[in-house]
Each structure stands twice: as structure tokens, then as C-alpha cells.
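Summary of structural features
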Amino acid sequence: KLLQLSTIYFDFDKYNIRKDSEVEVEKVIAAMEKYPSLKIKVNSHTDSRGKDAYNLWLSQKRAESTVNYMIAKGISADRLQGEGFGETKLINNCANGVKCSSIQHELNRRSEFIILE
């Protein structure tokens, strides 16, 4: 299940949590504090620009960055998982070689929160 929260987005070639995304991560943290048995998986993604192997690495760093942010805010590491998918799960047609706007590319640079249990 996808938590009913806004997806968080990342700047091009970055994996730090943006200020505008902190609000959404804080909502996930609040839900996890309210429901102590809740376990979450962070699925992170990149846009199609850059080499596939680099994008897989970058998406994993985004997942780790998101998980580490939550741990730093007091969520136990055993309640969190993170996985990077690179550019394998684009949400639009902005694949390799397709001309897209920066806004279209940004939609793919995201982390989603999945309820595991």
C-alpha cells in the first residue's frame, strides 16, 4: 500500500532531502510514532538522464538518505527498509532519448513510502 502522502522529490543528481520534502517525511514519521507496529519501505527512483548503473546507485543513495533522515528523527532502523530502482520505474514517457521538460523529469526523481505491515 502507498501511504496517502505526497511523494517526495529530489533535485537533479542529488540525494539529500529537500526542504519541501521534509514536511512529507515528517508526516510519515508522525504516522510511525502513532502506530508503533508500522513498518515502511522507501522506494526511490531517478529520471532517465545519466547512465543506468549510476542512476541505480543514485536511487539507492536516495533511499538511504530518506531512511537515515527518519532514523535521525527517532524511528527505529528495524522498522524501515529502502530500495533504489534507478530509472526502471518511470511514471511518464521520459525514457532514454525522449525529449522531456525539466518538470517531467523531476516527477521521476522521487521516493515513495510503502506500508509493509
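Above this text sits the structure in question.
Residues numbered from 1 in each chain as written. Predicted model: local features only at pLDDT ≥ 70, side-chain atom pairs only at ≥ 80, totals over all residues. Heavy atoms only, no water.

**Remarks on the overall build of the protein**
To keep it simple, the criterion reads: In this text, helices come from DSSP runs of H or I with a minimum length of four residues, and strands from runs of E with a minimum of two, each type numbered from the N-terminal end. Between buried and exposed lies partly exposed: a residue is buried under 20% and exposed over 50% of the maximum accessible area for its type, with that area taken using a 1.4 Å probe on protein chains only. Whether two residues are in contact is decided by their heavy atoms, any of which lying within 4.5 Å being enough. Residue exposure ignores everything except the shown protein chains as possible cover, and the areas themselves are Shrake-Rupley values with a 1.4 Å probe. Positive charges come from Lys and Arg alone, negative charges from Asp and Glu alone, with His and the N- and C-terminal ends not counted. In this description, the location of a charge corresponds to atom NZ of lysine, CZ of arginine, CG of aspartate or CD of glutamate.
A count of helices and strands for the protein gives three helices and four strands. Projected onto its principal axes, the C-alpha coordinates of the protein cover approximately 45 × 25 × 25 Å. Buried positions account for 42% of the 117 residues belonging to the protein. Within the protein, contacts between residues separated by at least 24 positions form 73% of all contacts whose residues are at least 6 apart in sequence. For the protein, the exposed area adds up to about 6,500 Å²; of that, 54% sits on carbon and sulfur atoms. Of the side chains in the protein, 18 bear a positive and 16 a negative charge, and the two mean positions are spaced by 1 Å.

**Considering the sheet that holds strand S2 (residues 40-44)**
Test applied: What makes two strands pair is DSSP finding at least two bridges between them. For every element, the axis is a line fit to its C-alpha atoms; helices are fit only across the contacting stretch, and the angle between N-to-C directions ranges from 0 to 180 degrees.
With mixed pairing, four strands are arranged side by side in an open sheet as S1-S4-S2-S3. Of all the strands in the sheet, the pair left with one neighbour each is strand S1 (8-9) and strand S3 (80-84). Relative to strand S4 (residues 110-115), S2 runs antiparallel, the two sharing five bridges. When the sheet's bridge partners are listed, Ser44 is paired in S4 with Ser111. Of the strands in this sheet, S1, S2, S3 and S4 touch helix H2 (residues 52-72), which is tilted by about 160° from S3.

**Observations concerning the packing of aromatic side chains**
For the record, the criterion: Working definition: a ring pair exists when centres of Phe, Tyr or Trp rings (six-membered ring for Trp) sit within 6.5 Å. Plane angles under 30 degrees give stacked, over 60 give edge-to-face, the rest tilted. Either the NZ atom of lysine or the CZ atom of arginine qualifies as a charge over a ring when it sits within 6 Å of the ring centre and within 35 degrees of the ring normal.
Per the stated rule, a full pass over the model turns up two aromatic pairs. Plain terms: the ring middles of Tyr15 and Trp57 are 6.1 Å apart, the flat faces sit at 90° to each other, and that makes the pair edge-to-face. Of this pair, Tyr15 sits in the loop between S1 and helix H1 (19-34) while Trp57 sits in helix H2, placing them 42 residues apart in sequence. Each ring, one from Tyr54 and one from Trp57, has its centre 5.5 Å from the other, and the planes form 35°; the classification is tilted. Placement of the pair is Tyr54 and Trp57 together in helix H2, with a separation of three residues, close to one helical turn. The partly exposed category is assigned to Tyr54, whose relative accessible area is 36%. One aromatic cluster is present, formed by Tyr15, Tyr54 and Trp57 through successive ring pairs. The aromatic ring of Phe85 is capped on one face by Lys89, whose charged end is 4.3 Å from the ring centroid.

**Focus on the pattern of salt bridges**
Rules: Definition used for salt bridges: Asp or Glu carboxyl oxygen within 4 Å of a side-chain nitrogen of Lys or Arg.
Under the counting rule described, the total for this entry stands at eleven salt bridges. Between Glu26 and Lys73 there is a salt bridge, with the nearest N and O atoms lying 3.5 Å from each other. Residue Glu26 is located in helix H1, and its partner Lys73 is located in the loop between H2 and S3; the two are separated by 47 residues in the primary sequence. On the basis of relative accessibility, which here comes to 31%, the residue Glu26 falls in the partly exposed class. Arg110 is paired through a salt bridge with Glu112; the nearest N and O atoms lie 3.1 Å apart. The pair Arg110 / Glu112 is uniform in exposure class, with both members buried.

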